[in-house]
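# Fold and contact review
So you can see what is in the structure, the chains are spelled out below.
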Amino acid sequence: MKPISFFSAVVFTFLLSLFSLNSFAQVPAKAASCFGCHGVNGNSVMPNTPSLAGQNSRYIYLQLRDFQEGRRDNAMMTPMTAGLSRDDMRELADYFSKQSLTSKSFKADPEKAKKGMAKADETLCAMCHLGEFKGQNEIPKVAGQNYDYIIKSLKDF
Ligand code: HEC
Ligand code: HEC
């Protein structure tokens, strides 16, 4: 194989994998600007930046509105909402909620996880977040979220 055709084959295979793996073609234009921090398709690899993949659409939408209207503030995130219309927010929320959250390599300490589960039962977290913290409507899914971000958000509250 000549070097040039080998190169085109590599590029072609790469493009093909992008389209087939993640249906890149259907990414709303504005979502691409979120990937830099929230990861491709909302699977964050930055400890303090939450994953958006698989998060409830209603929750994402309301958070975007809260950032825009100043009810929630973050130096990195707030400016990102400046140019978004309500329709943009709904489209972004639907898009990210339909992406699948890839499992993390995080290994929980079984002792701590057991104590955490007891504390969650005692404080009735599931009353709102439902079993296994899968969330509902405006109540976020916490399962599978970045460890550092969960700690940060509990401290912020
Ligand atoms: C410059 C980095 C950056 C970019 C770009 C960015 N975000 Fe964020 N985003 C953050 C950080 C950091 C947080 C966590 C804020 C905090 O700690 O309260 C966040 C939080 C959020 C949350 C709240 C999630 C939760 O679990 O509470 C949503 C929703 C969100 N971003 C959506 C978006 C969308 C949609 C875009 C693209 C339009 C975007 N972000 C672009 C950094 C960014
Ligand atoms: C009365 C209902 C309710 C109960 C009980 C509750 N939560 Fe929440 N939780 C919420 C709501 C609503 C939000 C979103 C708040 C917002 O819009 O900023 C939230 C947000 C969170 C977040 C932030 C997630 C993110 O992506 O930013 C974490 C983490 C969390 N809760 C953990 C817990 C834990 C742990 C418990 C039990 C100790 C608990 N919650 C009990 C309603 C509840």
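Definitions and cut-offs
- Residues numbered from 1 in each chain as written.
- Chains lettered and ligands numbered in written order.
- Predicted model: local features only at pLDDT ≥ 70, side-chain atom pairs only at ≥ 80, totals over all residues.
- Helix = DSSP H or I, 4+ residues; strand = E, 2+ residues; numbered from the N terminus.
- Buried ≥ 20, exposed ≤ 12 C-beta atoms within 10 Å, placed from the backbone.
- Contact = placed C-beta atoms within 7 Å.
- Near = placed C-beta within 6 Å.
- Nonpolar A, V, L, I, M, F, W, Y, C, P; charged D, E, K, R; others polar.
- Core = buried A, V, L, I, M, F, W, Y, C linked by C-beta atoms within 7 Å.
- pLDDT = per-residue confidence, 0-100.

This part takes up the overall build of the protein. Check the secondary structure of the protein and you find seven helices and zero strands. Within the span of the protein, comprising 157 residues, buried residues form 18% of the whole. Within the protein, counting contacts between residues at least 6 apart in sequence, those at least 24 apart form 61% of the total.

If you check the shell around ligand 1, you find 20 residues, and the closest are Cys34, Cys37, Pro50, Asn74 and Met77. Elements with a contribution of two residues or more to the shell around ligand 1: α2 (32-38) and α3 (57-69).

Residues in close proximity to ligand 2 total 16 residues, the closest being Thr123, Cys125, Cys128, Pro140 and Ser153. Contributing elements (two or more residues each) for the shell around ligand 2: α6 (126-129) and α7 (147-156). In terms of residue class, the shell around ligand 2 is built from eleven nonpolar, four polar and one charged.

Turning our attention to the nonpolar core. Judged by nonpolar contacts, Leu52, Ala53, Ile60, Leu64, Phe67, Met89, Leu92, Ala93, Tyr95 and Phe96 together constitute the single largest core of ten residues. Of all elements in the fold, only α3 and α4 (86-97) reach the threshold of two or more residues within this core.

Put simply, the protein has an average pLDDT of 88, and 84% of its residues get 70 or more. For the protein, the element scoring lowest by mean pLDDT is helix α1 (residues 3-22), at 48; α3 scores highest, at 98. Below pLDDT 50 for its whole length, residues 10-21 participates in three contacts with residues either more than four positions away or in separate chains.

Within the chain, Glu132 stands out as a residue other than glycine whose phi angle is a positive 55°. Locating Glu132 in the fold gives a position in the loop between α6 and α7. A positive phi is found at Asn137, a non-glycine position, where the angle reads about 45°. Mapped onto the elements, Asn137 comes out in the loop between α6 and α7.

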